[in-house]
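Now for the letters of each chain:
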Amino acid sequence: SSFCCVRPRNPCPVARRPRCLVEAAMPCECQTGLSSLFVGIVVILAAGVFTFFPAFLGLFDYPWYIALCWIWFGIGMFFTAFGLLWECMGCQKEGRWHNKKASAREGEEAAPAPYIMIDA
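Residues numbered from 1 in each chain as written. Predicted model: local features only at pLDDT ≥ 70, side-chain atom pairs only at ≥ 80, totals over all residues. Heavy atoms only, no water.

Draft legend 1. Seen up close, the packing of aromatic side chains. As enumerated under the stated definition, the model contains 10 aromatic pairs in all. Pairing Trp70 with Phe73 gives two aromatic rings, centres 5.9 Å apart and planes at 90 degrees, and the pair type is edge-to-face. With a gap of 3 residues between them, Trp70 and Phe73 both fall in helix H3 (residues 63-88), about one helical turn apart. Aromatic side chains Phe82 and Trp86 sit 5.5 Å apart centroid to centroid with 40 degrees between the ring planes, which places their arrangement in the tilted category. Taken together, the positions of Phe82 and Trp86, both in helix H3 and 4 residues apart, correspond to about one turn of that helix. Exposure remark for Phe82: the relative accessible area of 32% places this residue in the partly exposed category. The class of Trp86 is partly exposed, set by a relative accessible area of 22%. (Phe/Tyr/Trp six-rings, centres within 6.5 Å; stacked < 30°, edge-to-face > 60°. Helix = DSSP H or I, 4+ residues; strand = E, 2+ residues; numbered from the N terminus. Buried < 20%, exposed > 50% of the residue type's maximum accessible area, 1.4 Å probe, protein only.)

Next comes the structure, spelled out in structure tokens:
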């Protein structure tokens, strides 16, 4: 679980406050799967850009540099695979961005009141 999704086991040490400030200020709306998927794709693209220099231009043609490019590519693949599995297996908790709740509320909402401009 992500850091913002963890609820403290003990009550908040601040006197007369039922919840900690972090929990009250930011409800859990973590998008772990999508975030991991997009971060993984960005890291893979960045590894590809850095690999372009030794592969095509002959610059930075050091073994340690090429090894670092492969390591970053592996990290990007890990995040992409994790995000893809997280989304495909439906591990995301329901929240404000979840489609089930949005589709359930869709029929209940009334049309907004028309705005009338008053001429002076």
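Draft legend 2. Expanded view of the confidence of the model for the chain. With 61% of its residues at a pLDDT of 70 or more, the chain has an overall mean of 75. Summarising per-element confidence for the chain, the mean pLDDT is lowest in helix H1 (residues 21-25) (52) and highest in H3 (93). Every residue in residues 1-18 is under pLDDT 50, and counting partners more than four places away or in other chains gives 14 contacts. (pLDDT = per-residue confidence, 0-100. Contact = heavy atoms within 4.5 Å.)

Draft legend 3. Examining H3 more closely. Relative to the 38 Å expected for 26 residues at 1.5 Å per residue, H3 spans 37 Å between its end C-alpha atoms, a close match to the ideal helical length. Among all positions of H3, only Tyr65, Cys69, Gly76, Thr80 and Gly83 are buried. Backbone geometry just after H3 places Gly90 at a positive phi near 70 degrees. (Expected span 1.5 Å × (residues − 1).)

Draft legend 4. Spotlight on the packing of helix H2 (residues 32-57) against H3. Closest axis-to-axis distance for the H2/H3 pair is 7 Å, and the angle between their directions is 160 degrees. As the angle between them shows, H2 and H3 are arranged roughly antiparallel. Crossing angle aside, the handedness with which H2 passes H3 is left-handed. Here the contact of H2 with H3 is built from residues that sort into 19 nonpolar, 8 polar and 1 charged. (Axes fitted to C-alpha atoms, helices over the stretch in contact; angles between N-to-C directions. Parallel < 35°, antiparallel > 145°, perpendicular 65-115°, else oblique. Left-handed = near helix turned anticlockwise from the far one by under 90°. Nonpolar A, V, L, I, M, F, W, Y, C, P; charged D, E, K, R; others polar.)

Draft legend 5. Focus on H2. Given a rise of 1.5 Å per residue, 26 residues ought to cover 38 Å, and the 37 Å separating the end C-alpha atoms of H2 matches this to within 8%. When the local axis directions of H2 are compared, the greatest deviation, roughly 35 degrees, occurs at Thr51, which is followed within four positions by the proline Pro54. Three or more residues of H2 are buried, namely Thr32, Gly33, Ser36, Leu37, Gly40, Val43, Ala47 and Pro54. Residues of H2 that are buried in the fold lie against H3. A positive phi of about 75 degrees marks Gly58, the residue just after H2. (Bend = angle between axes of the 7 residues up to and from the residue.)

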